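# Coordinate inspection notes
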Amino acid sequence: MTFVQLIDCRTSQFDRMNQLMDTWVEQTKGKRTATHGIIAKDRSDSSHFIEIVEFPSYEDAMRNSNLPETDKIFQEMVALCDEMPTFTDLDVVRDERLHAATVRTLFETMGAPGELPPLDGLMAENYHDHDPANEQDTMGLDAIRREMEMWRGAFDFDFSIEDQITEGDRVCTRWTWSGTHTGDFMGIPASGKKVSMTGTTIFRCGENGKIAEGWWEYDRLGLMADLGALEGVED
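Quantities reported herein were computed from a predicted structural model and do not represent experimental measurements.

### Some words on the overall build of the chain
The secondary structure content of the chain amounts to six helices and 10 strands. Dimensions of the chain along its principal axes, counting C-alpha atoms only, are 75 × 40 × 35 Å. For the chain, the residues scored as buried account for 39% of the 235 residues in total. The contacts of the chain with a sequence gap of at least 6 include a subset with a gap of at least 24, amounting to 61%. Between the mean site of the 22 positive side-chain charges and the mean site of the 45 negative ones, the chain shows a separation of 3 Å.

Structural data, given as structure tokens:
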């Protein structure tokens, strides 16, 4: 079970404390067990700071606390605080990966039957799309909707999400796309063939949580082969 520790402190010497944390990170390289750390400042009190540290488990947190470097840095940190910091130990009982959920909803929406919705609740108005199959990047929400409509007009399809990895504002998704060729695609008339391809997409989410940029890699050559577009092409 994921474990989170909150460290609540007050200090008028945050710059020195920040340097102290950099020293601890350097000294414990390869030893520390924390997987994620955030330091936040109270908007209404510039001397009030909260550090949020995530560990894979309580046991990992204790191993981190028992490092000799941690104890030494802690004593120096206390000396920089205006009062004794407080600690709150939390077992995580629910963890919402909101960016990943937004991306998953987008994949579901792209392949859903019926009219394509506006997408403005999922994607930024100035969305920037990088697709190696296109000579130029696709810029803007209206443009990416036209790109999606092109695919939806050529195939009845859906995505199966195989893996998702979230790091900061990026979500990497490995997917399998499966469809039936029901309309013209790149000059190839509808064939009724059932086709599939695999791919990976990295999306960047903006400060408002909406998807702002995307990078696509997928087996378009394999798709064209399945559609018979490469027949007669010499190696």
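### Some thoughts on the environment of Val4
For Val4, the position within the fold is in strand β1 (residues 3-10). Under the relative-accessibility criterion, Val4 is labelled buried at 12%. Through-space distance from the C-alpha of Val4 to that of His36 is 9.4 Å; in sequence the pair is 32 residues apart. When sequence neighbours within four positions are dropped, the list of residues in contact with Val4 reads Ile52, Val53, Glu54, Thr88, Asp89, Leu90 and Val92.

### Comments concerning helix α5 (residues 141-154)
Here α5 is 14 residues long and its end C-alpha atoms lie 20 Å apart, about the 20 Å a rise of 1.5 Å per residue gives. For α5, the set of buried residues is Leu141, Ala143, Ile144, Arg145, Glu147, Met148, Trp151, Arg152 and Ala154.

### Remarks on the sheet that holds strand β9 (residues 194-205)
On the basis of which strands lie adjacent, the open sheet formed by six strands has the order β6-β5-β10-β9-β8-β7 and mixed pairing. The open sheet has two edge strands, β6 (138-139) and β7 (155-167), and neither has a second partner. The pairing of strand β5 (residues 123-130) with β6 spans two bridges and is antiparallel. Bridge pairing links His128 to Met139 in β6. Across the sheet, helix α4 (residues 98-111) lies against β5, β7, β8 (170-181), β9 and β10 (211-218), angled at about 170° from β7, the strand it touches most. Against the sheet, α5 engages β5, β6, β7, β8, β9 and β10, with an angle of about 65° to β5.

### A closer look at the environment of Trp24
Take Trp24: it is sitting in helix α1 (residues 14-27). Owing to a relative accessible area of 11%, Trp24 belongs among the buried residues under this scheme. Residues Trp24 and Ala79 lie 55 residues apart in sequence; the distance between their C-alpha atoms is 15 Å.

### Some details on the sheet that holds strand β4 (residues 86-91)
Taken together, the four strands give an open sheet; going across it, the order is β2-β3-β1-β4, and neighbouring strands pair in antiparallel fashion. Pairing within the sheet leaves two strands with one partner each, and these edge strands are β2 (36-41) and β4. Shown here is a sheet whose adjacent strand axes are inclined to one another by a mean of 15°, direction ignored. Of the strand pairs in this sheet, β1 and β4 are connected by six bridges, and their pairing is antiparallel. The residue bridging Asp8 from the neighbouring strand is Thr86, located in β4. Across the face of the sheet, helix α2 (residues 58-65) comes into contact with β1, β3 (48-55) and β4 while running at roughly 120° to β3.

### Considerations on unusual backbone geometry
You will see that Leu119, though not glycine, has its phi angle at about 75°, which is positive. Inspection of the secondary structure assignment puts Leu119 in the loop between α4 and β5. Phi is positive for Met186, which is not a glycine, with a value near 55°.

Quick notes on the rules
- Here the residue index of a chain counts from 1 through its sequence in written order.
- At least 70 in pLDDT is required for a residue's local features to be given in this predicted model, at least 80 for side-chain atom pairs to be given and counted, and no such filter applies to totals for whole chains, interfaces and linings, which use all residues.
- Heavy atoms throughout the structure, all of them, feed into the side-chain values; hydrogens and water do not.
- For helices the rule is a DSSP run of H or I covering at least 4 residues; for strands it is a run of E covering at least 2, with both sets numbered from the N terminus onward.
- Note on classification: 1.4 Å probe, protein chains only; a residue is buried when its accessible area is under 20% of the maximum for its type, exposed when over 50%, partly exposed between these limits.
- Should any heavy atoms of two residues lie within 4.5 Å, those residues are counted as being in contact.
- Only four residue types enter the charge count, namely Lys and Arg as positive and Asp and Glu as negative; His and the chain termini do not.
- For charged residues, the charge sits on one atom: NZ in Lys, CZ in Arg, CG in Asp, CD in Glu.
- Helices are assigned an expected span. That span is 1.5 Å times one less than the residue count.
- Strands are labelled as partners when DSSP assigns at least two bridges between them.
- Only C-alpha atoms enter the line fits that serve as axes; for helices the fit covers just the stretch in contact. Angles between N-to-C directions range over 0 to 180 degrees.

Distances and angles like these do not, on their own, reveal function.
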